[in-house]
Amino acid sequence: MKNEIINRFTSYVKVDTQSNEENPSCPSTPGQLTLANALVKELQSIGMEEVTIDDNGYVMATLPANTDKDVPTIGFLAHIDTATDFTGKNVKPQLVENYDGRALTLHEKLDIVLSPNEFPSLKDYEGHTLITTDGTTLLGADNKAGIAEIMTAMDHLIQHPEIKHGKIRVAFTPDEEIGRGPHKFDVDAFAAQFAYTVDGGPLGELEYESFNAASAKIKISGTNIHPGTAKGKMVNSAKIAMEFHNMLPAAEAPEHTEGYEGFYHLLSFQGDVEETRLSYIIRDFDRQKFNERKEYMTHITKELKEKYGQKRIQLELQDQYFNMREKIEPVKEIVDIAHEAMEKLGIQPKISPIRGGTDGSQLSYMGLPTPNIFTGGENFHGKYEFISVDNMMLATKVIVEIASLFERKAK
């Protein structure tokens with residue numbers, strides 16, 4: 001299993017699949033379709049059935065049941081795209097056998113070092129086989145590790161028919177990193193009662209709570225006049241934008257929050273005297289507090305409009321997804337089964353809220369309750385990203401065990 005996972009994962013990460021928020025097409029980048037088509041061929045080669053890919057790059061496949069019991073159809077999903085935060089082009093994965101707990105030089109010439117002094121969790125991986133970046137790109141474990149683990153788990157179940165299971169559906173989806181993963185996902189065609197995204201981080205993560213999420217885009221129009229004659233005439237849009245931002249509570253930002261604390265996050269600030277644009281994301285686990293955050297953004301806009309003119313400031317608020325706990329709690333047994341699967345494999349489950357979102361956040365509201373399980377990776381979205389092959393193997397075994405438990409608990 002170890003070599004299979006390494007070979008699959010390292011081949012996937014070499015395909016540039018970064019999504020692109022500026023492109024409205026689906027998938028938003030051609031590399032995603034390249035990998036999707038390769039995954040179709042691989043699914044067919046290992047013996048999966050009903051393998052399909054649609055015009056938008058959504059891949060689906062079936063592993064038929066090998067039991068006469070009435071077992072719910074379950075699904076496992078992972079996303080094909082990688083994050084937009086850091087380049088994913090020309091990824092060169094590096095294999096570190098039997099990691100010794102010391103600092104790893106990722107790129108000698110650029111002096112890029114992955115050190116336990118900066119990332120203390122590295123100490124937890126002594127003796128593991130790690131896969132790292134070469135310091136110039138992200139790795140893409142988010143979420144190509146999930147793809148490798150699902151693919152390997154399905155291959156294992158096909159090779160071991162003595163492991164009884166119900167019907168299993170798998171799906172690999174585009175554009176999760178830009179919030180569009182489920183937008184064109186055909187829940188009816190997927191035809192599963194429950195599903196799991198394999199899109200988490202370190203060993204044992206089991207998540208069924210996510211943020212309520214919205215985006216906020218602000219456009220501020222100014223009036224540019226030669227500074228020598230600007231008195232009483234110039235309106236500096238960049239300064240109004242600074243005023244807008246400073247009206248938000250400074251402590252309610254990602255760098256100051258954790259656990260169940262929500263935030264406002266300034267993604268970008270671009271402009272000059274004539275025009276400035278701000279882009280934010282708004283996050284909170286509590287639906288009422290989430291709505292209050294959106295209302296406060298509206299309140300700030302209203303105040304500044306009254307001060308500078310109604311036409312100078314435009315606010316566009318858009319909900320992105322909601323806390324999937326509301327949809328998963330009524331079928332909490334799917335979380336309990338994942339919890340039991342981990343414990344049977346000697347893994348300590350770590351139930352915590354996702355300080356982010358997965359496809360499951362939206363899919364749960366589309367009628368497919370979808371909690372999230374770990375992949376084994378850390379430091380996603382940057383050059384210090386790495387993953388433990390040992391924990392990837394355990395994630396694969398969790399997928400197999402979940403499928404087996406559903407069958408054993410069925411009548």
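Residues numbered from 1 in each chain as written. Predicted model: local features only at pLDDT ≥ 70, side-chain atom pairs only at ≥ 80, totals over all residues. Heavy atoms only, no water.

- Labelled according to an unreviewed UniProt entry, the protein chain appears under the name Peptidase T, originating from Peribacillus simplex.
- You can read under Function (unreviewed entry) in the UniProt record for the protein chain the words "Cleaves the N-terminal amino acid of tripeptides." (UniProt positions renumbered as here; feature names shortened; annotations may be inferred.)

**Focus: a negative patch on the surface**
- Residues D54, D55, D186 and D188 make up a contiguous surface patch of negative charge.
- Given a relative accessible area of 32%, D54 falls into the partly exposed group. (Patch = residues over 30% accessible without salt bridge, like charges linked within 9 Å, V, L, I, M, F, W, Y side chains within 5 Å. Areas by Shrake-Rupley, 256 points an atom, 1.4 Å probe, with all protein chains shown as cover. Salt bridge = Lys/Arg side-chain N within 4 Å of Asp/Glu carboxyl O. Lys, Arg positive; Asp, Glu negative; His and termini not counted. Charge placed at Lys NZ, Arg CZ, Asp CG, Glu CD. Buried < 20%, exposed > 50% of the residue type's maximum accessible area, 1.4 Å probe, protein only.)

**Some details on helix 1 (residues 2–13)**
- The end-to-end C-alpha distance of helix 1, which contains twelve residues, comes to 17 Å, matching closely the 16 Å that a straight helix rising 1.5 Å per residue would cover.
- Where helix 1 is concerned, the buried positions are I5, I6, R8, F9, T10, Y12 and V13.
- In this structure, the buried residues of helix 1 make contact with helix 2 (30–46), strand 4 (94–96), strand 7 (130–132), helix 3 (141–159), strand 18 (386–388) and helix 10 (389–409). (Helix = DSSP H or I, 4+ residues; strand = E, 2+ residues; numbered from the N terminus. Expected span 1.5 Å × (residues − 1). Contact = heavy atoms within 4.5 Å.)

**A closer look at the UniProt feature "binding site: Zn(2+) 1" (unreviewed entry) in the protein chain**
- When the UniProt feature table is mapped onto this chain, "binding site: Zn(2+) 1" (unreviewed entry) is found at H79, D142 and D199. Across 121 residues of sequence, these annotated residues stay compact in space, with a maximum C-alpha separation of 8.1 Å. Checking the named residues against the largest cavity, the ones that line it are H79 and D199.
- Relative to the elements of secondary structure, H79 occurs in strand 3 (residues 74–79).
- Not counting residues within four places of it along the chain, the set of residues in contact with H79 comprises D142, N143, K144, I147, T173, E176, E177, D199 and D359.
- A distance of 3.0 Å separates polar atoms of two side chains, one belonging to H79 and the other to D142.
- Summarising the element assignment, D142 is placed in helix 3.
- Overall, D142 belongs to the buried group, its relative accessible area being 9%.
- Apart from residues lying up to four places away in sequence, D142 is in contact with H79, D81, T82, E177, D199, F380, H381 and E385. (1 Å grid on protein atoms, 1.4 Å probe; cavity = no way out; pocket = protein on both sides within 12 Å on 5 of 7 lines; lining within 4 Å. Polar contact = N/O pair within 3.5 Å; in protein donor to acceptor, adjacent residues only side chain to side chain.)

**Topic: the pattern of salt bridges**
- On inspection of all chains with the given rule, the structure shows 19 salt bridges.
- A salt bridge links E329 to R325, with the nearest nitrogen and oxygen atoms 2.6 Å apart.
- The class for E329 is partly exposed, based on a relative accessible area of 39%.
- Between D336 and K332 there is a salt bridge, with its nearest N and O atoms 3.4 Å apart.
- Among the residues examined, K332 registers a relative accessible area of 27% and is labelled partly exposed.
- Sharing partners across several salt bridges, the network here consists of E4, R8, E42 and D155.

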